[in-house]
Amino acid sequence: MKPVFRNWAGNQSVTPAEVRSPSSAAEVAQAVRDAAARGQRVRMVGTGHSFTGVALTDGILLRPEALTGVQEIGDGRVRVAAGTPLRVLNEELDRRGLALANMGDITEQTVAGAIQTGTHGTGRDVGGLADQVVELEMVLADGSIVTASEGDLFDAARVGLGALGVLTAVTFRVEPAFLLRSVRRPMALSEILSTLDELTADNEHLDFFWLPHTDTCLAKTNNRSPGPADPPGAFKHWLDNVFLENTLFGALCAVGGRVPAAIPTLNAISASALSASTHTDTAYKVFTSVRTVRFLEMEYAVPRERLGQALRETRDLIELNDWRITFPIEVRVTPPSDAWLSTAHGRDSAYIACHIYRPTPNPAYFEGVEEIMTRLSGRPHWGKLHTRDAAYLSTVYPRFGDFTALRDELDPHRLFANDYLDTVLG
Ligand SMILES: Cc1cc2nc3c(=O)[nH]c(=O)nc-3n(C[C@H](O)[C@H](O)[C@H](O)COP(=O)(O)OP(=O)(O)OC[C@H]3O[C@@H](n4cnc5c(N)ncnc54)[C@H](O)[C@@H]3O)c2cc1C
């Protein structure tokens, strides 16, 4: 039987014509030339952490496992092979006393997969991973291997959806390793909404999780600290990150899935169990978590000044429809990005992420929230579920036309296309 590629959430899969695991830019270039000669399409995948069909191909599917490793470190930069998992990059940097300035919630993704969809964390001063990239090496549709560190190709391909070429190496800006002091505390949603400006201005990294059916949020603020390190003990770490956020949470989701009427009570119990805690640890350990409960996710970036309205409307919508939502809604912020298709392109942005337990999808919930977000000029995360097409997206990305024109020039025969790109890029 032919191998199948399946994503993390299990909602996307494909059986491509061929699977290869190239170990060099030259082998990627060969695969691209072979696909072109056979009239097939070609794409590289990451670790399949996108919820959309962005990674799928029916042609030659390139796996990332052999294209990994740190290639060069120095002068405040690190160059890594495109298939390197973020987890490996973080550990290698830490060993050398270096770090990325900011990152998202998990470290399973490959560096190329993460930047291609605009993966971001939360930050007042530093944006998503693509904003920390200083150079790309990539294979274009004609089989040539090019590098870009400025200009149109660089600004387009950093968040390129794999539509402009196959990345073979990514160079990030890095800095001396640093500690973050993490403060977690329960806060009322109403209090957060009335102090949003101060909260985002006063903290380098603000992230909060609102528990639907309650007025309670878990607010996390991470700020640089001179130390000393005060990491959570092994038991506390397991209790918070493994047991409470995954094992117990997974069990609550399963109960809620079987008895939806119990969800508001379960959320109220979770809200009352939240407590304040602080610790100081190596930055990447504070930024990232483990996620084992399988979910589906939609996330929209709205102009930062519209966050309050977006959240209030989302809360009212859930109450009005009497939907039962177990998963918290996560809110993050970033500064503007200059990557053309970054969800934060050209504006201070706030991200609102809705999750649903994988075994109990609720399309009406995502549709309703999407209606609010699009009314507020929201941009959907390229790797998370949404229903927007090129007609809509061209109205919210000022450089959309420049991106598609560059794509026409670089990939006129649509070697790198797939159904998802046909929808979102036209
Ligand atoms: C549990 C979980 C937590 C998450 N947390 C966050 C978060 O905190 N913040 C956030 O923004 N997102 C988050 N995401 C979304 C995730 O970061 C993105 O979907 C990301 O793109 C996944 O990376 P990947 O390596 O799995 O790539 P895939 O999903 O496999 O691929 C993503 C895209 O990259 C392309 N690609 C991969 N490698 C190459 C290459 N070498 N050259 C060209 N194109 C390539 C693929 O073709 C595809 O288009 C999360 C997802 C999950 C499941």
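Here, the structure is the one placed above.
Everything numeric in this text was worked out from a predicted model, so none of it was measured. Each chain carries its own residue numbering, running from 1 in the direction its sequence is written. Per-residue local features of the predicted model are confined to residues with pLDDT of at least 70, and side-chain atom pairs are confined, for both listing and counting, to 80 or more; whole-chain, interface and lining totals are unaffected and use all residues. Side-chain descriptors were evaluated using all non-hydrogen atoms of the structure, hydrogens and water having been removed beforehand.

**Student:** I'd like a description of the sheet that holds strand E14 (residues 205-210), backed by residues and values.
**Tutor:** A pair of strands is treated as paired once DSSP finds two or more bridges between them. Numbered from the N terminus, helices here are DSSP runs of H or I no shorter than four residues, and strands are runs of E no shorter than two. Ordered by their spatial adjacency, 8 strands build an open sheet running E16-E13-E15-E14-E18-E19-E17-E20, and the pairing between neighbours is antiparallel. Each end of this open sheet is capped by a strand with a single partner; those strands are strand E16 (277-282) and strand E20 (379-380). With 10 bridges connecting them, strand E13 (residues 179-188) and strand E15 (residues 216-225) associate as antiparallel partners. Bridge pairing in E15 links Leu180 to Arg224. Any two residues whose heavy atoms approach within 4.5 Å at even a single point are treated as in contact. Note on geometry: axes are C-alpha line fits, over the in-contact stretch for helices, and angles between N-to-C directions span 0 to 180 degrees. Across the sheet, helix H10 (residues 307-321) touches E14, strand E17 (295-303), strand E18 (329-334) and strand E19 (349-357), and the angle it forms with E18 is around 170 degrees. Along the sheet, helix H11 (residues 363-375) makes contact with E17, E18 and E19, crossing E17 at roughly 10 degrees.

**Student:** Lay out the packing of H10 against H11 with the relevant residues and their values.
**Tutor:** In contact at an axis separation of 10 Å, H10 and H11 are set at 150 degrees when each is read in the N-to-C sense. Comparing their axes, H11 and H10 come out roughly antiparallel. Relative to H11, the crossing made by H10 is right-handed. Of the residues in H11, those touching H10 at Ala310, Glu313, Thr314, Leu317 and Ile318 are Tyr365, Gly368, Val369, Ile372, Met373 and Arg375. Nonpolar residues are Ala, Val, Leu, Ile, Met, Phe, Trp, Tyr, Cys and Pro. Charged residues are Asp, Glu, Lys and Arg, and all others, Gly as well, are polar. Classifying every residue of the contact of H10 with H11 gives 7 nonpolar, 2 polar and 2 charged. Here the word oblique covers every angle except those under 35 degrees (roughly parallel), over 145 (roughly antiparallel) and from 65 to 115 (roughly perpendicular). By the definition used in this description, the sense in which the near helix is turned from the far one sets the handedness, with an anticlockwise turn below a right angle giving left-handed and a clockwise turn giving right-handed.

**Student:** Got a sec to walk through the nonpolar core? Specific residues and values, please.
**Tutor:** Within soluble globular proteins, side chains that are nonpolar generally end up buried alongside one another. Ranked by internal contacts, the top residues of the largest apolar core, which has 73 residues, are Leu89, Ile115, Phe172, Leu341, Trp382 and Leu425. If you tally residues by element for this core, the top one is helix H1 (residues 25-38), at 5 residues. Residue contacts for Phe172: discarding those within four places in its chain leaves Gly76, Arg77, Val78, Val80, Leu89, Leu100, Val111, Ile115, Leu129, Gln132, Val133 and Val134. By nonpolar core is meant a set of buried Ala, Val, Leu, Ile, Met, Phe, Trp, Tyr and Cys residues that side-chain atoms within 4.5 Å join together. Residue burial is assigned from relative accessible area. The probe radius is 1.4 Å, only protein chains are included, and a residue is buried under 20% of its type maximum, exposed over 50%, and partly exposed in between. Among the nonpolar cores identified, the runner-up in size contains 44 residues, and Leu193, Leu206, Cys217 and Val302 belong to it.

Scope: geometric values only; no functional claims are made or implied.
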